[in-house]
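Geometric and topological summary
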Amino acid sequence: CLLHHARHLHSKYVPVPLSMQQYLEFGQKKCEKKSFQFLNDEIPIRLAHIMREFEDLPKELLTMKSVKLVRSWYDLSFKEVQSFAEKDPDDTKVLAEFSVAIQNILNRHSYVVETMAQGVIEMEDTYGMDDKISERIQYFLDRFYMNRISIRMLLTQHAALFGNITNHPRRIGHIDPNCDVIECVSNAFKAARQICEHYHMQAPELDVITADGSKLSNFVYVPGHIEHILFEVFKNAMRAVVEYHRDKLELPKLQIIVAKGKQDLTIKLSDQGGGVPYQDQDKLFQYMYSTAPRPQYTGQESPLAGYMDIDRVTHDNGSRSFRAGYGYGLPLSRLYARYFQGDLVVSSMEGHGTDVYLYLKVNSSEANECLPIYNTTTSRMYEAEKVVSDWSSSTNWNQSIRTYSTT
Ligand code: W6P
């Protein structure tokens, strides 16, 4: 079929990662024709790469109706962007149609994360889950959601720059050339505290320390990404503190330290919420390992339960709402951090508390998009048997009854 052929053609082209600096320069030029032309090539390429990767997923997952639905959205959006390939970039009518198409695509893909999560649940309910499948799905979802973040960055930048959305005065699309990190901290804290107070009737206070406040200026970043990440980690920290100090009158404060060096702008959040055992720290970033109740639950459990159960949605008109989530908050936050070559690292002390480090690139020319590309190595990742450890591990003893080999 033609669509299939077109997609395979596109996955032979490599996506072009942009740096934060390029996004900024692109946005400052404000040339709609240039943006149109770039997106016209780039969006189909990025879509094609991830659509190709879908094909390597286990059949058990691909046959789930939610997964089919997600794929149908990608097919449709691919076709829609493709239809602009031959159109005249000098025709203002074409540019206007393109903006409408972009908005349609953004809307169509609003619930991709939830729908894919639902697909994973459907598969788990039908076939069960094992370590090998969960590892493959983890690998795929990290790449799939990173791809989605990157496509939405391109699309929302175009929409913000050339649409009729009124923008923040300082911002170039969603990028703030003078991003106020302390303001991001404060916004995320207030949003998380609201939720925490709503469900727990109390929330810890916050102390903010800046190594040298005057140095924090001239930082180019997407404030929305920082706020999204911090909102997630604040919720987790608050829940830990509230639950660990359940019957106490006073809660130990949360602490934020912000430091800006030559390479990194680092934001550390410390809580005294009792910490996470070392063995469980990796699980915080696993999609298939959520202690959160499933979203269709009807019980009275706290929506902060699990390591994340509520997701803040920023609607296109700028308003915000909350919806039930799937415990994907931390893995997604780490993707947002890694998207521009940063990272999100948890370092915990069981019996005391947890530190979370958010690393961001100071230099906008080094903040390059991190894009998954599909190649032969990728397909091998899906074929490979689970790697068998060649280190003895006493933790396995807990999981299986020990047997003596008689052969
Ligand atoms: C915890 C577990 C956690 C995850 C992420 C951020 C903070 C915290 N605190 O106890």
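Whatever comes next refers back to the structure up there.
Below is a summary of the structure that appears in this document. (Residues numbered from 1 in each chain as written. Predicted model: local features only at pLDDT ≥ 70, side-chain atom pairs only at ≥ 80, totals over all residues. Heavy atoms only, no water.)

1. What about the site of the ligand?
In the vicinity of the ligand lie ten residues, with Asn236, Ala240, Asp271, Thr354 and Val356 positioned nearest. For the ligand, a nitrogen atom lies 2.8 Å from a polar atom in the side chain of Asp271. A distance of 3.4 Å is found between an oxygen atom of the ligand and a side-chain nitrogen or oxygen belonging to Thr354. When the free accessible area of the ligand is taken as 270 Å², the share hidden by the protein chains comes to 97%. Those elements giving two or more residues to the shell around the ligand turn out to be α10 (223–244) and β7 (353–361). Of all the elements, α10 adds the most residues to the shell around the ligand, at four residues. Counted by class, the shell around the ligand contains seven nonpolar, two polar and one charged residues. (Near = heavy atom within 4 Å. Polar contact = N/O pair within 3.5 Å; in protein donor to acceptor, adjacent residues only side chain to side chain. Areas by Shrake-Rupley, 256 points an atom, 1.4 Å probe, with all protein chains shown as cover. Helix = DSSP H or I, 4+ residues; strand = E, 2+ residues; numbered from the N terminus. Nonpolar A, V, L, I, M, F, W, Y, C, P; charged D, E, K, R; others polar.)

2. Brief notes about the sheet that holds strand β1 (residues 206–210)
Within the open sheet, the five strands sit side by side as β1-β2-β3-β7-β6. Their pairing is mixed. Looking at the sheet topology across the chains shown, the edges are occupied by β1 and β6 (343–349). Taking the axes of each pair of neighbouring strands and ignoring which way they run, one obtains an average angle of 15 degrees across the sheet. Alignment of β1 against strand β2 (residues 254–260), held across five bridges, turns out to be parallel. Bridging across to β2, Val208 finds its partner in Ile256. The sheet contacts of α10 involve β1, β2, β3 (264–271), β6 and β7, and relative to β3 the element is tilted by about 20 degrees. Most of the contacts of helix α11 (residues 329–339) go to β6, to which it runs at about 130 degrees, and overall it touches β6 and β7. (Pairing = 2+ DSSP bridges. Axes fitted to C-alpha atoms, helices over the stretch in contact; angles between N-to-C directions. Contact = heavy atoms within 4.5 Å.)

3. As for the packing of helix α7 (residues 112–127) against helix α8 (residues 131–162)
For any two helices packed against each other, one specifies the inter-axial angle together with the distance between the axes. Orientation of α7 relative to α8, taken along the N-to-C sense of each, is 170 degrees, at an axis distance of 12 Å. Compared by their axis directions, α7 and α8 come out roughly antiparallel. Only Ile133, Ile137, Phe140, Leu141, Phe144, Tyr145 and Arg148 of α8 make contact with α7, whose side of the interface consists of Val112, Val113, Met116, Ala117, Val120 and Met123. A per-class count over the contact of α7 with α8 returns twelve nonpolar, no polar and one charged. (Parallel < 35°, antiparallel > 145°, perpendicular 65-115°, else oblique.)

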